[in-house]
Amino acid sequence: MTGIRRLASQPLVHFLLLGSLIFAAYGFISPPPESEPVDENAEIVVTQQKLQRLVTEFEAVWQRLPTEEEKQTLVASYVREEVLVREALKLGLDRDDIVLRRRLVQKMDFLTTAAARSRKPTEEDLKSYYDANRNAYLRSGRISYEQVFLGSPADEELAEEVQDRLRQGADPEVLGTRTLLPFRLDMSARSKIDGVFGDGFYERIEALPLNEWSGPVQSGYGQHLIRVTQRQSAEYLPFESIRNEVEADWALRKAEELRDDAYAAMRERYRIVLPETGQ
């Protein structure tokens, strides 16, 4: 009893009891809201085509056909979704929704470029595109080389010693300063070489003489002696070897052009009023 008295004397309990009484009284006095009349023109029709799409989606996820009970659940879920979407649109919940706006823009872009995806280019179309964009199909030069790391900063005495031993035919893999950098890179492009040794390294070694130790050459890690063992100049890839790639690039460019043209046509239907720029 003492605990009950102590609990009953707490201000918070008084507040909760008072709130409950007010809520109960409001519910007794206020009549329940009348339901809105049904719009006789509003219909949600679940067609056989729609049902088949729901079944197909179910089968794709669960790798089996739904039971009759599951079909009813699919239909009920679709009807619920449709009701809520329509009511949300009535309330204007789609306005100023940045995620929804972007999704609608994506759908419009898809619709305006669908024609380009279905169009098949002629050989003349592809060859003309290839000729006009040849630089996009230029394969960069490639270099094979070996390196001996001299440190950062390079030890001049060590550099002279390594060069003397190389001239005497010593194994280059055991010379220089220990490093985790690869001793050899085979037929590597600029992007790979600069990615491993730092920006600009490819340019510093591409003109070095073949099969001779040269340097020191500066990398992002320090100084190296370099021996270029093989070099392949940059070359344009022949059309026949990359026809599929050219066709994919052509389709992408054509889709962009059609999308831009469609937008320009749609924009002409509106009078655009822009804000005044500040002085």
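Above: the structure in question.
Since we're looking at a predicted model, the values are computed, not measured.

### With respect to the overall build of the chain
For step 1, the next point in the chain: A count of helical and extended segments in the chain gives ten helices and six strands.
For step 2, the next point in the chain: Across the 279 residues in the chain, those meeting the buried criterion constitute 22%.
For step 3, the next point in the chain: Sequence separation of at least 24 residues holds for 64% of the intrachain contacts in the chain that already meet a minimum separation of 6.
For step 4, the next point in the chain: As presented, the chain carries roughly 21800 Å² of accessible surface, and 54% of it is formed by carbon and sulfur atoms.

### Re the packing of helix α6 (residues 123–132) against helix α10 (residues 243–267)
For step 1, the next point in the chain: Two elements in contact, α6 and α10, have axes separated by 10 Å at closest approach and are oriented at 90 degrees. The orientation of α6 with respect to α10, classified from their angle, is roughly perpendicular. Here Glu 123, Asp 125, Leu 126, Tyr 129 and Tyr 130 of α6 lie close against α10, whose contacting residues are Arg 243, Val 246, Glu 247, Asp 249, Trp 250 and Arg 253.
For step 2, the next point in the chain: Among the residues making up the contact of α6 with α10, the classes are represented as five nonpolar, no polar and six charged.

### A short note on the sheet that holds strand β3 (residues 184–189)
For step 1, the next point in the chain: Across the sheet, which stays open at both edges, the four strands sit in the order β3-β2-β5-β4 with antiparallel pairing between neighbours. On the outer flanks of this sheet lie β3 and β4 (213–218), each paired with one strand and no other. On average, adjacent strands in this sheet sit at an angle of 40 degrees to one another, irrespective of strand direction.
For step 2, the next point in the chain: Strand direction decides the pairing type here: β4 and strand β5 (residues 223–232), joined by four bridges, are antiparallel. Its bridge partner lying in β5, Ser 214 is registered against Ile 226.

### Digging into the packing of aromatic side chains
For step 1, the next point in the chain: Overall, the coordinates contain six aromatic pairs when judged by the stated rule.
For step 2, the next point in the chain: Ring centres 5.6 Å apart and planes at 65 degrees place the aromatic pair Tyr 130 and Phe 239 in the edge-to-face group. In this pair, Tyr 130 is assigned in helix α6 and Phe 239 in the loop between β6 (235–236) and α10, connecting sequence segments 109 residues apart.
For step 3, the next point in the chain: Here Phe 239 falls in the buried class, since its relative accessible area comes to 8%.
For step 4, the next point in the chain: The side chain of Arg 134 reaches across the aromatic face of Tyr 236, ending 4.1 Å from its centre.

The rules behind the values
Residues numbered from 1 in each chain as written. Predicted model: local features only at pLDDT ≥ 70, side-chain atom pairs only at ≥ 80, totals over all residues. Heavy atoms only, no water. Helix = DSSP H or I, 4+ residues; strand = E, 2+ residues; numbered from the N terminus. Buried < 20%, exposed > 50% of the residue type's maximum accessible area, 1.4 Å probe, protein only. Contact = heavy atoms within 4.5 Å. Areas by Shrake-Rupley, 256 points an atom, 1.4 Å probe, with all protein chains shown as cover. Axes fitted to C-alpha atoms, helices over the stretch in contact; angles between N-to-C directions. Parallel < 35°, antiparallel > 145°, perpendicular 65-115°, else oblique. Nonpolar A, V, L, I, M, F, W, Y, C, P; charged D, E, K, R; others polar. Pairing = 2+ DSSP bridges. Phe/Tyr/Trp six-rings, centres within 6.5 Å; stacked < 30°, edge-to-face > 60°. Lys NZ or Arg CZ within 6 Å of the ring centre and 35° of its normal.

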